[in-house]
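# Descriptive analysis of the structure
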Amino acid sequence: MKAVFFDLDDTLYDQLEPFQIAFDCVFPGVNDFSIVDLFTKSREYSDRVFAQTESGEMTLAQMHRYRMVHAFHDLGRKISDDEADEFQKVYKEHQYKISLIPEMKRILQYLYKKNIPLFITTNGPSAHQRSKINALDIGNWIPSEHIFISSEIGFAKPDKEYFDYVNAKTKTGSTHSYMIGDSFANDIAGAVQAEWNAIWVNTKNRAKSHPHIQPEYEVNTYQQLEDMIRQLF
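These numbers come from a predicted model, not from an experiment. (Residues numbered from 1 in each chain as written. Predicted model: local features only at pLDDT ≥ 70, side-chain atom pairs only at ≥ 80, totals over all residues. Heavy atoms only, no water.)

Turning to unusual backbone geometry, a few remarks are in order. The residue after Lys157, namely Pro158, is reached through a cis peptide bond having omega 15°. The phi angle at Asp137 is positive, at roughly 55°, despite the residue not being glycine. Mapped onto the secondary structure, Asp137 falls in the loop between helix H7 (126–136) and strand E3 (147–149). Note on Asp137: relative accessible area 59%, which makes it exposed. (Helix = DSSP H or I, 4+ residues; strand = E, 2+ residues; numbered from the N terminus. Buried < 20%, exposed > 50% of the residue type's maximum accessible area, 1.4 Å probe, protein only.)

So, about the sheet that holds strand E5 (residues 197–201). The six strands are arranged E3-E2-E1-E4-E5-E6 in an open sheet whose pairing can be described as parallel. The strands lining the two open edges of the sheet, one partner per strand, are E3 and strand E6 (217–219). The mean inter-strand angle of the sheet, taken between neighbouring strand axes irrespective of direction, is 20°. Here three bridges tie strand E1 (residues 3–6) to strand E2 (residues 118–122), and the two strands are oriented parallel to one another. (Pairing = 2+ DSSP bridges. Axes fitted to C-alpha atoms, helices over the stretch in contact; angles between N-to-C directions.)

Aromatic rings considered in pairs are described by the distance between their centres and by the relative angle of their planes. This model, assessed by the stated rule, comprises 19 aromatic pairs. Seen in terms of ring centroids, Phe23 and Phe33 are 6.1 Å apart; in terms of plane orientation they differ by 65°. Their pairing is edge-to-face. Residue Phe23 is located in helix H1 (residues 16–26), and its partner Phe33 is located in the loop between H1 and helix H2 (35–48); the two are separated by 10 residues in the primary sequence. Per residue, the accessibility class of Phe23 equals that of Phe33, and both read buried. Ring centres of Tyr45 and Tyr66 lie 5.6 Å apart, and the angle between their planes is 85°; this geometry places the pair in the edge-to-face category. Placement of the pair is Tyr45 in helix H2 and Tyr66 in helix H4 (residues 60–74), with a sequence separation of 21 residues. Clustering of aromatic rings is evident, with ring pairs tying together Phe19, Phe23, Phe27, Phe33, Phe39, Phe72, Phe87 and Tyr91. (Phe/Tyr/Trp six-rings, centres within 6.5 Å; stacked < 30°, edge-to-face > 60°.)

Pasting the structure below:
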């Protein structure tokens, strides 16, 4: 049986919204670069040191400061550690004030009615990720036991062990598993290497981090994703 696995951040909801609110609050009047570029850079730096945060070599506070200082630097602006910390404080306050992207809500409902097993696969700290999941109020479609968080299981995307572990726990097969996510490095490259079907939600038109890896599908809007899901299932 086919099964669908959703990434959380920037897939089920738009992570840019709370980021934009924090930016406008902490850096009012700064408009000499694209907020999307800043967000993308911050995500790149988060991914770069993710392994260190998982192992405890770097604290989350250090990672949050690191990603913003370096993201701003790459776009030609210097910020202080205090400014980076203040940004993270405001950002966190709004990270739990989120809602499902409308098309994603319709996709969940559509697949649920089709009796397709639905799951969430996400990297990050347990309490933080579960708080966001609770804010999205998706329990009607995806029960708690269908949620796989890296810090809870000891494996993280894109490691093949993560995908193999999830297949084993859900009694699903790789060839019938569909990974839907925005991160090429974590969701798509990991899924392809695990021989899953990869659907890249590339709404911010990012370049592939692994040029030699090709996802089965790529969409640039959520409407395209909804149309594709109705065709595949």
